[in-house]
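# Structural overview for review
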Amino acid sequence: MTIRWETMKVGGKDVRVYTGIPRGPGPLPAVVVAHHGPGLDQQMEDVLHRLYREGYAVAVPDLFHRIALR
């Protein structure tokens, strides 16, 4: 697997999750990143990219998935 967007169900609602899982044998160190106030933006994607390049499996869930965005 590489870096990609995934969707999972939480409480019957779709939640977008940005994930990065390096190829190769495991086990791998893993990190779940909680995004900052503006949400899952380019800065949070960059955080995932940096951790991914260091060999971490990373997930950044959209914690604002229940809020309707304009």
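Before reading further, recall that the structure is shown in the block above.
As a starting point, this report considers the structure included with it. Note that the coordinates shown come from a computational prediction; the quantities given were computed from them, not determined experimentally.

Helix and strand content of the protein chain: one helix and four strands. Its C-alpha atoms give the protein chain principal-axis dimensions of about 40 × 25 × 15 Å. Across the 70 residues in the protein chain, those meeting the buried criterion constitute 29%. For the protein chain, the share of sequence-separated contacts (at least 6 apart) that also reach a separation of at least 24 residues comes to 59%. Roughly 4,900 Å² of accessible area belongs to the protein chain as shown, and the carbon and sulfur atoms make up 55% of that amount. Taking the 9 positively charged and 7 negatively charged side chains of the protein chain as two groups, their mean positions are separated by 5 Å.

Here the focus is the packing of aromatic side chains. One pass over the structure, following the stated rule, counts one aromatic pair. Between Trp5 and Tyr18 the ring centres are 4.7 Å apart and the planes differ by 40°, which places this aromatic pair in the tilted class. One end of the pair, Trp5, is in strand β1 (residues 3–10); the other, Tyr18, is in strand β2 (residues 13–20), with 13 residues separating them in the sequence. Look at Tyr18 and you get buried, because its relative accessible area is 8%. Over the ring of Trp5 we find Arg16, and its NZ or CZ is 4.1 Å from the ring centre.

The rules we used
- Residues numbered from 1 in each chain as written.
- Predicted model: local features only at pLDDT ≥ 70, side-chain atom pairs only at ≥ 80, totals over all residues.
- Heavy atoms only, no water.
- Helix = DSSP H or I, 4+ residues; strand = E, 2+ residues; numbered from the N terminus.
- Buried < 20%, exposed > 50% of the residue type's maximum accessible area, 1.4 Å probe, protein only.
- Contact = heavy atoms within 4.5 Å.
- Areas by Shrake-Rupley, 256 points an atom, 1.4 Å probe, with all protein chains shown as cover.
- Lys, Arg positive; Asp, Glu negative; His and termini not counted.
- Charge placed at Lys NZ, Arg CZ, Asp CG, Glu CD.
- Phe/Tyr/Trp six-rings, centres within 6.5 Å; stacked < 30°, edge-to-face > 60°.
- Lys NZ or Arg CZ within 6 Å of the ring centre and 35° of its normal.

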